[in-house]
Amino acid sequence: MAERILPPCRSCGGTQLRPFLDLGVTPLADALVKPGLLDDDTFVEGFFPLEVAFCPECTLVQILEEVPAEKLFVENYLYFSSFSDHLLRHSREHALGLVGSRGLGPDSLVVEVASNDGYLLKNFAEVGVPVLGIDPAPEPAEAAVAAGVPTLQDFFGVELAERLVAEGKRADVIIANNVMAHVPDLNGFVGGFATLLKDDGVITVENPYVRDLIEHGEFDTVYHEHFCYYSCTAVDALVRRHGMFLNDVEYFPDLHGGTLRWWIGKQEHVSDTAQRFLAEERELGLTGYGYYADFAGRVEQIRADLLELLRGLKAQGKTIAAYGAAAKGSTLVNYVGIDTDLVDFVVDRNVHKQGFLMPGVHQPIRPVEALLEEQPDYVLVLAWNFLDEIARQQSEYLANGGRFIVPVPSPAIV
Ligand SMILES: [Zn+2]
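Residues numbered from 1 in each chain as written. Predicted model: local features only at pLDDT ≥ 70, side-chain atom pairs only at ≥ 80, totals over all residues. Heavy atoms only, no water.

**Observations concerning the overall build of the protein**
This is how it is decided: By definition, any uninterrupted DSSP run of H or I lasting at least four residues is a helix, any uninterrupted run of E lasting at least two residues is a strand, and each is numbered from the N terminus. With C-alpha atoms as the basis for the radius of gyration, the globule rule is written as 2.2 Å multiplied by the number of residues raised to the power 0.38. Burial status follows relative accessibility: with a 1.4 Å probe on protein chains alone, a residue under 20% of its type maximum counts as buried, one over 50% as exposed, and anything between as partly exposed. It only takes one pair of heavy atoms within 4.5 Å for two residues to be counted as in contact.
Counting its regular elements, the protein contains 14 helices and 17 strands. Computed over its C-alpha atoms, the radius of gyration of the protein comes to 22 Å, within 12% of the 22 Å expected for a compact globule of 414 residues. By principal-axis analysis of the C-alpha atoms, the protein measures approximately 65 × 55 × 45 Å. A burial count over the protein gives 54% of its 414 residues as buried. A separation threshold of at least 6 residues defines the contact pool for the protein, and within that pool the share at least 24 residues apart is 69%.

Written out as structure tokens, the structure is:
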């Protein structure tokens, strides 16, 4: 058999990538299908391979395939940050904390990359700290400007950073939340940070933790828009390549299934906490292939168990709906093979998604009120990272006898 040629590592350029999870061929997770399109003979839904690999040189976990950016991000960008209460609270605390700890004022500049609809920056703007949002998606960027948050509709990288510096702009704080997984040119992105940041400035980056992905079986957080899955070790190697240091780490176990906040600066002041995270990753083996080797088998087990559970309920004549038309829901229903025979419809709070169909498996997406109208016996919680929030919202559905099913770390009725 001819040896497979794999792409180079997205971070270090190494050529020794070792694949460890193959999720098959799936549709783009955010490519919701417009109703009526299925009746159009010319409509072809795009399916792409989805495979995850480990880089033994810099430890970065990443997907192998690259779907062209224009297919990934433009047409179906329907996610607006402002829809999660938990996220809004978390962001506000971070903003106010930075204003205090960094002594930010009218002469400071806070830049956020992937600023979405301005949900985070408006906390700075409200206390008189100048802000600049950067986001390539037109609708959220326009919403941000309308809400009083100056926003450039553009992709961030060295080029844009140099342009801002030429205009006399340098950042005291750069924030990048839940975007670094989505960056096709990782070194251009982090190089842009180094260009734009003042010498005594600070960068905070939030992203899900690859350790949670592996330990909790969160395979559904893998999709084509998520190129990379980070450990502290991988981030440390990445920022050092650009003359910066991973100085501190915070961990939020309940945010998006386990989120890290990395504090990065141009001077080396590595905290005890950061050192502890790096040491723990070495001890647990995240820095070697062995840590990832049995993941595919565990994911296959989740698929088998979930199918058995859902088919058993259907055999008893039960009705099942699902909650959460986000990307991870799409990965899960498509990889597991949950079609309209098993789950009748999916609900989502986001009005921009309602009326569309799930990618690949084509359940209709309806408002959350549909759960009370239809009172399905079970709801498969695809947005399991918001389980507590959804349970509060749906207390009436639950009081009426409805039950939730969570898919990971192993399928269970809760
Ligand atoms: Zn690498």
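That shown, we press on.
**Thoughts on the coordination of the zinc ion**
Formally: Donor atoms are limited to N, O and S found within 2.8 Å of the metal ion, a distance that becomes 3.2 Å for Na, K and Ca. With water left out, some sites might look partial. Irregular is the label for any site that misses the other tests, which are tetrahedral for four donors with all angles between 85 and 135 degrees, and square planar for four donors or octahedral for six when opposite donors exceed 155 degrees and the remaining angles lie between 65 and 115.
Coordination of the zinc ion by the protein comes from C9 (SG), C12 (SG), C55 (SG) and C58 (SG), over a distance range of 2.3 to 2.4 Å. For the zinc ion, the 4 donor atoms in the first shell make angles of 103 to 115 degrees at the metal, a pattern classed as tetrahedral. Each donor residue of the zinc ion belongs to the same chain, and together they define the spacing C-x2-C-x42-C-x2-C. Relative accessible area serves as the criterion here: at 30%, C12 is assigned to the partly exposed category.

**Description of the environment of D41**
With respect to the helices and strands, the residue D41 is situated in the loop between β1 (18-27) and β2 (47-54). On a C-alpha basis, the gap between D41 and I174 in space is 47 Å, while along the polypeptide they are 133 residues apart.

**Quick notes on the pairing of strand β10 (residues 245-252)**
Counted only if it meets this: Strands are treated as partners if at least two bridges between them are detected by DSSP.
Alignment of β10 against strand β11 (residues 259-265), held across 7 bridges, turns out to be antiparallel. By the bridge assignment, F252 is partnered in β11 with T259. Hairpin remark: β10 followed by β11, antiparallel, with 6 residues in the connecting loop; positive phi at H256, about 50 degrees.

**Brief notes about the sheet that holds strand β17 (residues 412-413)**
In plain terms, the rule: In this analysis an axis means a line fitted to C-alpha atoms, helices contributing only their contacting stretch, and an angle means the value between N-to-C directions, from 0 to 180 degrees.
The 6 strands are arranged β14-β13-β12-β15-β16-β17 in an open sheet whose pairing can be described as mixed. Of all strands in the sheet, those with a lone pairing partner are β14 (365-366) and β17, marking the two edges. Most of the contacts of helix α10 (residues 295-315) go to strand β16 (residues 403-406), to which it runs at about 155 degrees, and overall it touches β12 (320-323), β15 (378-381), β16 and β17.

**Considerations on the layout of surface pockets**
A probe matching the size of a water molecule, rolled over the atoms, marks out where space remains unfilled. To keep it simple, the criterion reads: Of the two site types, the cavity is a set of points on a 1 Å grid over the protein atoms alone where a 1.4 Å probe fits but cannot get out, and the pocket is an open set with protein on both sides within 12 Å along at least five of seven lines, each lined by residues with an atom within 4 Å of a point. Grid points are joined across faces, edges and corners, and a volume is the space filled by probe spheres set on the points. Just so you know the grouping, Ala, Val, Leu, Ile, Met, Phe, Trp, Tyr, Cys and Pro go in nonpolar, Asp, Glu, Lys and Arg go in charged, and all remaining residues, Gly too, go in polar.
In this structure, the second largest pocket encloses a volume near 470 Å³. Along its surface, the second largest pocket is lined by 21 residues, and P253, D254, W384, N385 and L387 are the ones closest to its centre. Elements with a minimum of two residues in the lining of the second largest pocket: α2 (85-101) and α13 (387-393). In terms of residue count, the dominant contributor to the lining of the second largest pocket is α13 (4 residues). Of the residues that constitute the lining of the second largest pocket, the class distribution is 8 nonpolar, 5 polar and 8 charged.

**Quick look at the sheet that holds strand β3 (residues 61-63)**
On the basis of which strands lie adjacent, the open sheet formed by 4 strands has the order β1-β2-β3-β9 and antiparallel pairing. A single partner strand is all that each edge strand has here, and the edge strands are β1 and β9 (228-229). Both β3 and β9 contribute to a ladder of 2 bridges, which runs antiparallel. Paired with Q62 across the bridge in β9 is C228.

**Points about the packing of helix α5 (residues 158-166) against helix α6 (residues 186-196)**
Note the following rule: The labels follow the angle: roughly parallel below 35 degrees, roughly antiparallel above 145, roughly perpendicular from 65 to 115, and oblique for the rest. Here a crossing is taken to be left-handed if its near helix is turned anticlockwise relative to the far helix by less than a right angle, and right-handed if that turn runs clockwise.
Look at α5 against α6: their axes get within 7 Å of each other, and the N-to-C directions meet at 15 degrees. One finds that α5 runs roughly parallel with respect to α6. In the packing of α5 onto α6, the handedness of the crossing is right-handed. Contacts between α5 and α6 involve V158, A161, E162, L164 and V165 on the former and, on the latter, G188, G191, G192, T195 and L196. Tallied by class, the residues present in the contact of α5 with α6 amount to 5 nonpolar, 4 polar and 1 charged.

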